Amino acid sequence: MCGIALIISGTRIDLSSLLLDSVPSASSTSIDDQLVFSIDDLKAALGKRGPDSLGSKKVFLYSKTSSSIEEREIVSFTGGEEAKERDESCSQHVEEKNDCCFDTHGQTREVENGFSMSNVVAELHFIGATLQLRGINPIVQPLMDTYGNIFVYNGEIFGGIDIDSDSNDTEILMQALGNCCLCNSHLHTRTSYCLEKGKSSVPEVLSTIKGPWAVIYWQESSRTLWFGRDAFGRRSLLVHWPTLEDHRFLLSSVSPFSSTEESSGFEAENEINNHNFWEELTCGIYSISFDAPKLDGCLVGEVRKHEWTNSMLKELIVWERTSVEPKPEDLYSSHGKTLREQHDVHSACSNILPSKSGTAETVLFALRESVMRRTSLHRIFKAVTCDIRQEVLTPVAVLFSGGLDSMILSALLDECLDPSYEIDLLNVSFDGQSAPDRISAKAGVMELRKIAPLRRWKLVEIDADLSTLDLETKHVMSLINPANTYMDLNIGIALWLAARGSGWVYEGNNNNCDEDLQCNERVKYKSKARIVLVGSGADEQCAGYGRHKTKYRKGSWLGLHEEMKLDMQRIWKRNLGRDDRCIADNGKEISFLG
């Protein structure tokens, strides 16, 4: 899990191909203009998502004019926290080759070779905060390769691109993007066709990724910015399209607190902010190609959205089923042996499906495979880099209510996680021990201890009182932004408190306790798990809401299908981005298994 951001200032952004109405009338803005929040605010918000490292880099773009030839070209220069050596080499190059470069204030030097250059035209400011879970060597984002390409990435690669067990997926993906075609032929169409034979385009590489991701990538040779998020929006990426009030183009994993701390009227009274500075970026792959038209010489960045190149991915997005109405025999579950009886733990987590299994068993196997991919690739990087010496390691936690979804995830996690690890079961209650979810959680953990007695399960009881959470509520309001309903806020607070992991556990050999867990002492506990499994999406895919039953009664199977299709096509906007922001704010990796 990482926090990524980009701020583009000093250039016009052309949104005409996206059919948006927010293009400002002014040609450009000054880099010195102030954001509605400071860069430090943005870095602080991102840093909570990626506590291992924080870095930034800048790309400056010039419009270069020839005095002898009526043409303009774009020249770029990269700066940042680690760019002093490159700055010095550029200064030396100016002295030796009589070329042009920035001075210490970001301005251009006049040269004597027939070319002149205006002041800085545009600035692209990349920010990356990293929570590293894979790879044996620490990395600091943004990454920059020898060609000047810059990359910030928030995601996990579970397939589609080969990654060794000791490699970091961010570095591997940047290498793959660095090998992409450099031509611009595919930028001006909705396809990803490339004229350079034998090379993939950026959309083709991103379309192959199996797993959640959000990405910002500067392709230096083509002066093109690429950005986007996976087809289901499992990683948050907010966007601010240029407006008359703020002409900048911004991307960020999260909204800084200061951008939503002021409200007025009804919103302030009810502590719900309807601030519309940000919106969820619609899932997909986008590019901004920069040009300097001869008319006025001002830089223009043209935004385009590209199609997915993976046919299977397109089918999933459309969410059309080959058969909407099930056959009578499909309505009855299989009475055969369970997968646990047919296979041991290792074969159950292999890539070979059982030769004969019912529909339910097939779904269960797919879930088990998903849990395995999200846990076996976890390298526990933090324990190495920060010299944590825990007697008992707990790398993974489960958002646990004791309901069907969390019980299944917990049981599957037990099968796929090394038996020496503990598992934290995070349970939030606003009504103490009498809350229904607390009661079901206690019953659930007792059941887990029966089926997996060798595993040390920790039910982390997180008690909260909404009347005393004023500061936390305001903070969560900034995290759920642009979502702004009371339901969003209530869900967000529960997720944020759960991911924080501060609660109580019963100390001792509690596997033999009764259902009330009263045979051990209740002590303070804070979960240090860096991965949190959640069942988000299960109700949408399995018709788990009451309204699904209503749709079935009114419209039979077709009505139910249409409602579930609508749920899946809007889940990125209503659920997943919000959930990612609330959980990741505690420096935790959220894994959706639904």
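Residues numbered from 1 in each chain as written. Predicted model: local features only at pLDDT ≥ 70, side-chain atom pairs only at ≥ 80, totals over all residues. Heavy atoms only, no water.

By the naming in an unreviewed UniProt entry, the protein chain goes by Glutamine amidotransferase type-2 domain-containing protein and is assigned to Quercus rubra.

Once that is clear, we can look at the overall build of the protein chain. For the protein chain, the count of helices and strands is 16 helices and 22 strands. In the protein chain, which comprises 594 residues, the proportion classed as buried is 52%. For the protein chain, contacts bridging at least 24 residues in sequence account for 71% of all contacts bridging at least 6. Accessible area for the protein chain stands at about 28,100 Å²; split by element, carbon and sulfur atoms hold 51% of it. (Helix = DSSP H or I, 4+ residues; strand = E, 2+ residues; numbered from the N terminus. Buried < 20%, exposed > 50% of the residue type's maximum accessible area, 1.4 Å probe, protein only. Contact = heavy atoms within 4.5 Å. Areas by Shrake-Rupley, 256 points an atom, 1.4 Å probe, with all protein chains shown as cover.)

A negative phi angle is the norm for most residues apart from glycine, just as the trans form is the norm for most peptide bonds. Residue Pro142 is reached from Gln141 by a cis peptide bond, and omega for that bond is 0°. A cis geometry characterises the amide bond from Asn481 onward to Pro482, with omega recorded as 15°. The topology assignment puts Pro482 in the loop between helix H13 (470-480) and helix H14 (486-500). One non-glycine residue, Ala543, lies in positive phi territory at about 55°. Overall, the relative accessible area of 28% leaves Ala543 in the partly exposed class.

A word on helix H9 (residues 359-376). The end-to-end C-alpha distance of H9, which contains 18 residues, comes to 26 Å, matching closely the 26 Å that a straight helix rising 1.5 Å per residue would cover. Among all positions in H9, only Glu361, Phe365, Arg368, Glu369, Ser370, Val371, Met372, Arg374 and Thr375 are buried. (Expected span 1.5 Å × (residues − 1).)

This brings us to the nonpolar core. Core analysis: the largest hydrophobic core is formed by 46 residues, its most contacted members being Leu42, Leu46, Val476, Leu497 and Ile583. In terms of residue count, H14 provides more of this core than any other element does, seven residues in total. When neighbours within four sequence positions are excluded, Leu42 is seen to be in contact with Ala5, Ile7, Phe37, Ile127, Ser252, Val254 and Pro256. Leu6, Phe126, Tyr286 and Phe290 belong to the second-largest nonpolar core, a separate cluster that totals 31 residues. (Core = buried A, V, L, I, M, F, W, Y, C linked by side-chain atoms within 4.5 Å.)

All chains considered together, the criterion is met by 31 salt bridges. Its salt-bridge partner being Glu320, residue Lys565 comes within 2.4 Å of it at the nearest N-O pair. With Lys565 in helix H16 (residues 546-584) and Glu320 in the loop between helix H6 (311-318) and helix H7 (339-342), this pair connects stretches of sequence that are 245 residues apart. Judged by its relative accessible area of 16%, Lys565 is buried. Each of the salt bridges in this network shares a partner with another, and the network as a whole consists of Arg438, Lys442, Glu461, Asp463 and Arg522. (Salt bridge = Lys/Arg side-chain N within 4 Å of Asp/Glu carboxyl O.)

The next point concerns the packing of H13 against H16. Viewed as axis vectors pointing N to C, H13 and H16 meet at an angle of 135°, and their least axial separation amounts to 8 Å. Relative to H16, the element H13 lies oblique. Here the hand of the crossing between H13 and H16 comes out right-handed. Residues Val476, Leu479 and Ile480 of H13 pack against Arg578, Arg581 and Cys582 of H16. Across the contact of H13 with H16, the residue classes tally to four nonpolar, no polar and two charged. (Axes fitted to C-alpha atoms, helices over the stretch in contact; angles between N-to-C directions. Parallel < 35°, antiparallel > 145°, perpendicular 65-115°, else oblique. Left-handed = near helix turned anticlockwise from the far one by under 90°. Nonpolar A, V, L, I, M, F, W, Y, C, P; charged D, E, K, R; others polar.)

Between H13 and H14, the least distance of the axes is 9 Å, while the angle of their chain directions is 105°. Accordingly, the angle class assigned to the pair H13 and H14 is roughly perpendicular. In this structure, H13 contributes Glu472, Thr473, His475, Val476, Met477, Leu479 and Ile480 to the contact, and H14 contributes Asp488, Leu489, Gly492, Ile493, Trp496 and Arg500. Split into classes, the residues belonging to the contact of H13 with H14 amount to seven nonpolar, three polar and three charged.

This part is about the packing of aromatic side chains. Inspection of every chain in the model, using the stated rule, returns eleven aromatic pairs. Between Phe227 and Tyr286, the ring centres sit 5.2 Å apart and the planes meet at 5°, which makes this aromatic pair stacked. Of this pair, Phe227 sits in strand S10 (residues 224-229) while Tyr286 sits in strand S14 (residues 284-291), placing them 59 residues apart in sequence. Residue Tyr286 is classed as buried on the basis of its relative accessible area, which comes to 3%. With a centroid separation of 5.2 Å and an interplanar angle of 75°, the aromatic rings of Phe277 and Trp278 are classed as edge-to-face. Both residues of the pair, Phe277 and Trp278, belong to the buried class. Taken together, Phe227, Trp241, Phe249 and Tyr286 form an aromatic cluster joined through their ring pairs. (Phe/Tyr/Trp six-rings, centres within 6.5 Å; stacked < 30°, edge-to-face > 60°.)

Let us now look at the sheet that holds strand S8 (residues 150-155). On the basis of which strands lie adjacent, the open sheet formed by seven strands has the order S2-S15-S14-S10-S9-S8-S7 and mixed pairing. For this open sheet the edge positions go to strand S2 (12-14) and strand S7 (143-144), each flanked by a neighbour on one side alone. On top of the sheet, helix H3 (residues 169-178) reaches S7, S8 and strand S9 (213-219); it is set at about 130° to S8, its chief contact. (Pairing = 2+ DSSP bridges.)

Our next topic: the confidence of the model for the protein chain. Residues of the protein chain with pLDDT of at least 70 account for 71%, and the chain-wide mean is 79. Predicted confidence for residues 22-33 stays below pLDDT 50, and this span has 30 contacts to residues more than four positions away or in other chains. Across residues 262-274 the pLDDT falls below 50, and counting only partners more than four positions away or on other chains, this stretch makes 18 contacts in the model. (pLDDT = per-residue confidence, 0-100.)

Moving on, we come to the environment of Cys180. Examined against the element boundaries, Cys180 turns out to sit in the loop between H3 and helix H4 (202-207). Along the backbone, Cys180 and Val205 are 25 residues apart, and their C-alpha atoms lie at a distance of 8.0 Å. The residues contacting Cys180, other than those within four sequence positions of it, are Lys199, Ser200, Ser201, Val202, Val205 and Gln219.

It is worth spelling out the side chain of Gln141 at this point. Topologically, Gln141 is positioned in the loop between strand S6 (122-130) and S7. On the accessibility criterion, Gln141 (0% relative accessible area) is buried. Within the local environment of Gln141, its side chain forms a polar contact with the side chain of Thr130, the two groups lying 3.5 Å apart. Dropping the residues within four chain positions of it, Gln141 is found in contact with Cys2, Ser53, Leu54, Gly55, Ser56, Gly128, Thr130, Phe151, Val152, Tyr153 and Thr170. (Polar contact = N/O pair within 3.5 Å; in protein donor to acceptor, adjacent residues only side chain to side chain.)

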